[in-house]
Amino acid sequence: EIVMTQSPVTLSLSPGDRATLSCRASHSVSSKLAWYQQKPGQAPRLLIYGASTRASGIPDRFSGTGSGTEFTLTISSLQSEDFAVYYCHQYDNWPPWTFGQGTKVEMK
Amino acid sequence: EVQLVESGGGLVQPGRSLRLSCAASGFIFEDYAMHWVRQAPGKGLEWVSAINWNSGLIEYADSVKGRFTISRDNARNSLFLQMNSLRVEDTALYYCAKGMMGSIFGVVEDYWGQGTLVTVS
C-alpha cells in the first residue's frame with residue numbers, strides 16, 4: 001500500500017497570502033496524483049489531477065507540481081472561500097487507492 | 001450537470017447488514033467507473049471499493065473485503081454497496097464517486113455525491 005503523507009497538518013494564513021501544501025508518497029506514483037478541497041459539510045471537490053492539470057471550473061490561482069514521490073499544491077493568493085481541508089490522492093498503485101491525512105488551511 | 005445522490009444509510013447494530021444506493025444523472029452512467037469512499041466522523045478519506053463500467057473489474061479495500069459487495073445497474077443508472085457483518089469501525093459517511101473514465105486503471109474520481117451516513121452501534 002502506498003502511504004501518502006501531507007505537510008503541514010495545519011496552515012494558518014491570511015487572505016491574499018500564498019499557500020504551499022506538500023504531499024509525499026511512500027513509493028513513486030508517477031503523475032497519478034490528485035488534490036481535493038473539502039469544506040465542512042460538503043463533499044470533496046476535485047481541484048487538480050495528473051499532478052498539474054486543473055479540473056473543470058477551478059480558478060487558475062490553484063496549481064499543482066511534482067512527480068514520482070513529491071508533490072505540491074500552491075494557492076497563489078488565498079481567497080476567503082479557499083479556507084478548507086485539502087487532500088492529496090494517489091490513483092497509480094492500487095488497490096487500495098490512498099489519500100493523505102489532509103492539510104487544513106485556516107484563517108490566521 | 002453531474003449528480004450523484006446516495007441513500008440507504010442509517011443506524012444499525014454490529015453484525016447486521018445495510019445496502020447503500022447511489023442514483024446517478026447528468027452523464028452516461030454506463031461509460032464510467034464508480035467508487036465508494038468513506039469518511040469516519042472528523043477523520044480523513046478512505047477508499048472502499050471500485051467497479052469498472054461493465055462490472056468486469058471490481059476491487060475492495062482489505063478492511064471490507066469479504067463483507068462488502070459493490071455492484072451497478074447500468075439500466076437504472078445506479079450504484080450499490082451491500083454491507084454485511086457491519087462493525088463499529090465501519091461508521092462513516094459513505095460517498096459514491098464517479099471515475100473520469102470507464103476503466104478503474106489509473107483514473108481519478110472527478111465528481112462526488114453528498115454522502116449517506118452509516119452508524120454502527
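A few points on the structure. (Residues numbered from 1 in each chain as written. Chains lettered and ligands numbered in written order. Predicted model: local features only at pLDDT ≥ 70, side-chain atom pairs only at ≥ 80, totals over all residues. Heavy atoms only, no water.)

### A word on the layout of surface pockets
Put simply, the largest pocket is a space of about 560 Å³. If you go around the largest pocket, you meet 23 residues; those closest to its centre are A:Pro44, A:Arg45, B:Asp110, B:Tyr111 and B:Trp112. Residue assignment for the lining of the largest pocket shows that the elements contributing at least two residues are strand E4 (33-38) and strand E5 (45-49) of chain A together with strand E1 (3-7) and strand E10 (109-112) of chain B. In terms of residue class, the lining of the largest pocket is built from 11 nonpolar, eight polar and four charged. (1 Å grid on protein atoms, 1.4 Å probe; cavity = no way out; pocket = protein on both sides within 12 Å on 5 of 7 lines; lining within 4 Å. Points joined across faces, edges and corners; volume = space filled by probe spheres on them. Helix = DSSP H or I, 4+ residues; strand = E, 2+ residues; numbered from the N terminus. Nonpolar A, V, L, I, M, F, W, Y, C, P; charged D, E, K, R; others polar.)

### Describing the interface of chain B and chain A
With 24 residues of chain B in contact, the opposing surface of chain A contributes 18 residues. Buried area between chain B and chain A, summed over both chains or domains, comes out near 1,700 Å², and the portion from carbon and sulfur atoms is 67%. If you sort the residues of chain B by the area they bury against chain A, B:Leu45, B:Trp47 and B:Val108 come out on top, with a joint share of 31%. The interface formed by chain B and chain A holds zero salt bridges in total. For the pair chain B and chain A, the interface holds six residue pairs in polar contact (both at pLDDT 80 or more). Counting residues per element, the ones that place at least two in the side of chain B that touches chain A are strand E4 (34-39), strand E5 (45-51), strand E6 (58-60) and E10 of chain B. Ranked by residues supplied to the side of chain B that touches chain A, first place goes to E5(B) with four residues. A breakdown of the residues in the side of chain B that touches chain A according to their chemical character gives 13 nonpolar, six polar and five charged. (Contact = heavy atoms within 4.5 Å. Buried area = accessible area lost by both parts, 1.4 Å probe. Salt bridge = Lys/Arg side-chain N within 4 Å of Asp/Glu carboxyl O. Polar contact = N/O pair within 3.5 Å; in protein donor to acceptor, adjacent residues only side chain to side chain.)

### Overview of the pattern of salt bridges
Residue and element names in this part refer to chain B. Under the definition given, this model contains nine salt bridges over all chains. With a closest N to O distance of 2.7 Å, Glu46 and Arg38 form a salt bridge. Judged by relative accessible area, Glu46 falls into the partly exposed class, the value being 32%. A residue is classified by how much of its surface remains accessible, and Arg38, at 5% relative accessible area, is buried. Arg38 is paired through a salt bridge with Asp90; the nearest N and O atoms lie 2.9 Å apart. With Arg38 in strand E4 and Asp90 in the loop between strand E8 (78-83) and strand E9 (92-99), this pair connects stretches of sequence that are 52 residues apart. Across the pair, Asp90 and Arg38 agree in class, each one buried. Salt bridges here are not isolated pairs; linked through shared partners, they connect Arg38, Glu46, Arg67 and Asp90. (Buried < 20%, exposed > 50% of the residue type's maximum accessible area, 1.4 Å probe, protein only.)

### Description of the environment of B:Val107
Residue placement: B:Val107 occurs in the loop between E9 and E10. For B:Val107, a relative accessible area of 5% gives the class buried. Separated by 42 residues in sequence, B:Val107 and B:Lys65 have C-alpha atoms that sit 21 Å apart. Excluding anything up to four places from it in sequence, B:Val107 contacts A:Tyr91, A:Trp97, B:Gly99, B:Met100 and B:Met101.

### A look at the packing of aromatic side chains
Within a pair of aromatic rings, the relevant descriptors are the distance that separates the centres and the angle that separates the planes. In the structure shown here, the tally under the stated rule is 10 aromatic pairs over all chains. With a centroid separation of 6.5 Å and an interplanar angle of 40°, the aromatic rings of A:Phe62 and A:Tyr86 are classed as tilted. Here A:Tyr86 lies in strand E9 (residues 85-90) and A:Phe62 lies in strand E7 (residues 62-67), a separation of 24 residues in the sequence. On the numbers, 6.3 Å between centres and 70° between planes, the contact of A:Phe99 with B:Trp112 is edge-to-face. A residue pair is termed interchain when its members come from two chains, as with A:Phe99 in strand E10 (residues 98-99) and B:Trp112 in strand E10. No difference in accessibility class separates A:Phe99 from B:Trp112, as the two residues are buried. Taken together through their ring pairs, the aromatic side chains of A:Tyr36, A:Phe99, B:Tyr95 and B:Trp112 make up a single cluster. Between B:Arg72 and the ring centre of B:Phe29, over which it is positioned, the NZ or CZ distance is 4.3 Å. (Phe/Tyr/Trp six-rings, centres within 6.5 Å; stacked < 30°, edge-to-face > 60°. Lys NZ or Arg CZ within 6 Å of the ring centre and 35° of its normal.)

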